Amino acid sequence: MPIPAVKGYKPLCVTLRSQVCDEQGIGQWPMWKRYDSVKGIIDQFVDEPYRDFLALPYYDVDKQKSEEYFYWFTPRSDAEFVRLSKAGADHDFYKSLLDKTLAHYHSVLDRLKNEGLAEEANFLQLSLKYAGDSESNVYCGDNRVVATVWGMRPRDGFDFEESIIFADLFPEKELHIVRFELGVRGTTDNPTELKKSHGSRIEPHQVPLVRANDGCDFLGWDRNPIGVEVKSDLSFTAQYKEQPKPKEEPKEKSKEDPKEELKEDPKEEPPITHHIRFLTPDGQVIIEFDAEHGKRIGSDYIPQLPVVDGVVCTTWDGDPMNDVVNDNRDYKAIAPAPPDTQKHTVRFLLPDGKVITQFLVEHGTRLTPGQVPPLPVVDGETCSEWNADPMAESIVEDRDFTAQKPERKEPVKSGRGGLWHALLNWLLLALGLLLLFLLLWLILLGHGHYDFCGCGCTDPVVRPIIPTNNVIPDDNVNPDDKVIPPPVLRPCDEVQKSGSNTPESFIVDMGQNSGSFEFDYFTGNYYPDLIVIYDGEDNKGEEIFRFFGLTDEYEITKTIQFHKPKIYIEVIPDGDSGTAWSFMVHCPND
């Protein structure tokens, strides 16, 4: 089965759904299905360097093998991502970054709870469950860590590290060895040999810190290793300079020696040097060496700016490229400024100004689809649009988005032609009401099942309700009490969604005469809905499925057998406002 492609993302690994359990969720929806909502909360409250911690899940099914899969993605990058358990020399750096990331997420979780944002806190808490529990499920690279298989855990006795089911999706690259040759005049506590993949670059934390032996100073490497692209085996040699020896006092001339001491030629004095250090923002030494007085530091000795909390530092606290060396000097990296914490209120309003929802966002945030509510229903009609596109621009001030009522065309009021046009409209309306009355009478007479036939019509067929798992019947819901409009023909696999509170009917072309199909159905949280499926093109076929909605959000997936090329579906909301529902008919299996 080919690996799916997600625009702007690169795949990390794939997991069999049968090998995980404890899928966290809210209502009938698991958290991986609510990723857009979780990402909206993360983008709003989590600091920028940590926002890509939870991998993007992609659910897929291999129908031939009857297997379900989770693919895990991270934003596209040229850097190589490897499991933290296999990070080698980079393990300690990324393990520390993982600990900082988890600590930051839990501090955000505490903040949401303290500010009374219970729903956002619940979403984030369930998503973080099991995230980062195993180094086998965490990938690292590009100065960030990414947790896969979050909100779920491996089944008992199942180890991702040894399993072929949990498989990396990117090809392994050729590895090269990078050596740091210290010689006999220096030592270090860091690794002096690294394995780097082809095309990767040497990072600052991978360069060992050298301690020079007594009597000499460490000047640096024969060339600056930081940022060098690795395309073959590489070697870097440490450079040292011996410290000047103390000047010996001349021996006194012996009085017994009658000969005068011969004068020695003056020796050249060693140049004056000063100790230079480059430091991280918290004072750790990146590199140190001695530089000659009165000269400038060579560019080969200036390291690249270090990474702090996943973000590259902005600059040094001096100008090492142009400063003249005249004393000992430390150059400390300047940590990146914290993100702007200014917040703005975003409100979504009804046409009359009543608030639908409101929340706070950080300055410069661009709203996501999960933060924009659906257009409301006013006076039985769904509003046409918002007064402005909520996702078009970044939020830099308090913003209100107001739902717009659909435009109504005014009737023609002047002229002889307009009068006749109005009379004709009234005549057509009266005729339509008469036909509607006749249709209602026929429905009531036939208990909702009627047939335009001649003599010999039989009594309508009474179809029993077929019970289904996790479905609660409701005797108060009667499809015969609602007027159902003519059905709309739809192909399979086309999602039908509606904000309407009136009954609707559909004919779905299955593309074959018999087989089975999957039916997904979701009801809103205001009023129960009734949905009935018949094996045939109208509601006289055999009833094969009936569903009564609950008073809370509810989702059901059912496998259904059919024996005719088309099926008939009725959706009957039991309410006058606030009803929400959707369904999907999947193409049949032979």
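Quick caveat, the model's predicted, so the values are computed rather than measured.

## Examining the sheet that holds strand β17 (residues 234-242)
Strand order in the open sheet made by the four strands is β14-β12-β17-β16, with mixed pairing throughout. Only two strands of the sheet have a single partner each, and these edge strands are β14 (193-197) and β16 (216-221). Across this sheet, the average inter-strand angle for adjacent strands is 25°, counted without regard to direction. Note that strand β12 (residues 175-181) and β17 share four bridges and pair parallel. In the sheet register, F180 faces β17, and the bridge partner there is F236.

## Points about the pairing of strand β34 (residues 529-535)
The buried count for β34 comes to seven of seven residues, which makes it a mostly enclosed element. Covered by surrounding structure in β34 are D529, I531, I533 and D535 together with L530, V532 and Y534, the residues of both alternating faces. In this sheet, strand β37 (residues 566-573) lies alongside β34 in antiparallel orientation, the contact comprising six bridges. Bridge pairing links I533 to I569 in β37.

## Structural notes on unusual backbone geometry
Across the chain, the bulk of peptide bonds are trans and the bulk of non-glycine residues have phi less than zero. Despite not being glycine, V149 shows a phi value in the positive range, around 50°. Note on placement: V149 falls in the loop between β9 (144-147) and β10 (153-154). The class of V149 is buried, set by a relative accessible area of 1%. Of note in the backbone geometry, D379 takes a positive phi value of approximately 55° without being a glycine. With respect to the secondary-structure elements, D379 resides in the loop between β26 (377-378) and β27 (381-382). With relative accessibility at 69%, the residue D379 sits in the exposed group.

## Structural notes on a nonpolar patch on the surface
Together, W426, L429, L433, L436, L440 and V483 make up a nonpolar patch on the protein surface, roughly 570 Å² of accessible area in all. Mapped onto the elements, L433 comes out in helix α4 (residues 416-445).

## Considering the nonpolar core
Nonpolar side chains in soluble globular proteins tend to be buried together. Membership of the largest hydrophobic core comes to 50 residues, with the highest contact counts inside it found for F53, W72, Y105, L124 and V145. Secondary structure elements with two or more residues in this core: β1 (9-16), α1 (35-45), β6 (67-75), α2 (91-114), α3 (118-128), β8 (138-141) and β9. Considering every element that reaches this core, the biggest residue donor is α2, with eight residues. In this view, L124 contacts I42, Y105, V108, L109 and L112; residues no more than four positions away in its chain are not counted. Counting residues in each nonpolar core, the second largest holds 31 residues, with L219, I226, A238 and Y331 among its members.

## Describing the sheet that holds strand β19 (residues 285-292)
Pairing is mixed across the open sheet formed by four strands, whose spatial order is β19-β18-β23-β22. Taken across any chain shown, the strands that pair with only one partner, and hence form the sheet edges, are β19 and β22 (315-316). Of the strand pairs in this sheet, strand β18 (residues 273-279) and β19 are connected by seven bridges, and their pairing is antiparallel. Residue H274 lies in a different strand from β19, and its bridge partner there is A291.

## Some words on α2
Taking 1.5 Å as the rise per residue, α2 with 24 residues should run 34 Å; its terminal C-alpha atoms sit 35 Å apart, in good agreement. Of the surrounding elements, those touching the buried residues of α2 are α1, α3, β8 and β9. Where α2 ends, the next residue or the one after it, G116, has phi of about 75°, a positive value.

## Observations regarding the pattern of salt bridges
What the rule picks out here adds up to 20 salt bridges. Of the charged contacts in the structure, one is a salt bridge between D22 and R153, with a shortest N-O distance of 2.6 Å. Within this pair, whereas D22 is found in the loop between β2 (20-21) and β3 (25-26), its partner R153 is found in strand β10, the two being separated by 131 residues in sequence. A salt bridge links K231 to E229; its shortest N-O distance comes to 4.0 Å. Look at the salt bridges and you will find they share partners, linking E48, R51, K343 and E362 into a network.

## Notes on the packing of aromatic side chains
Taken as a whole and judged by the stated rule, the model has 24 aromatic pairs. An aromatic cluster is built from W32, Y35, Y59, F70, W72 and W150, whose rings are joined through pairwise contacts. Directly above the ring of Y331 sits R329, whose terminal nitrogen or CZ lies 4.4 Å from the centroid.

## As for the environment of K332
Among the structural elements, K332 can be located in strand β23 (residues 329-334). What makes K332 partly exposed here is its relative accessible area of 33%. Counting along the chain gives 15 residues from K332 to D317, while the straight-line C-alpha distance between them is 5.6 Å.

Conventions and cut-offs
Residues numbered from 1 in each chain as written. Predicted model: local features only at pLDDT ≥ 70, side-chain atom pairs only at ≥ 80, totals over all residues. Heavy atoms only, no water. Pairing = 2+ DSSP bridges. Helix = DSSP H or I, 4+ residues; strand = E, 2+ residues; numbered from the N terminus. Axes fitted to C-alpha atoms, helices over the stretch in contact; angles between N-to-C directions. Buried < 20%, exposed > 50% of the residue type's maximum accessible area, 1.4 Å probe, protein only. Patch = residues over 30% accessible without salt bridge, like charges linked within 9 Å, V, L, I, M, F, W, Y side chains within 5 Å. Areas by Shrake-Rupley, 256 points an atom, 1.4 Å probe, with all protein chains shown as cover. Salt bridge = Lys/Arg side-chain N within 4 Å of Asp/Glu carboxyl O. Core = buried A, V, L, I, M, F, W, Y, C linked by side-chain atoms within 4.5 Å. Contact = heavy atoms within 4.5 Å. Expected span 1.5 Å × (residues − 1). Phe/Tyr/Trp six-rings, centres within 6.5 Å; stacked < 30°, edge-to-face > 60°. Lys NZ or Arg CZ within 6 Å of the ring centre and 35° of its normal.

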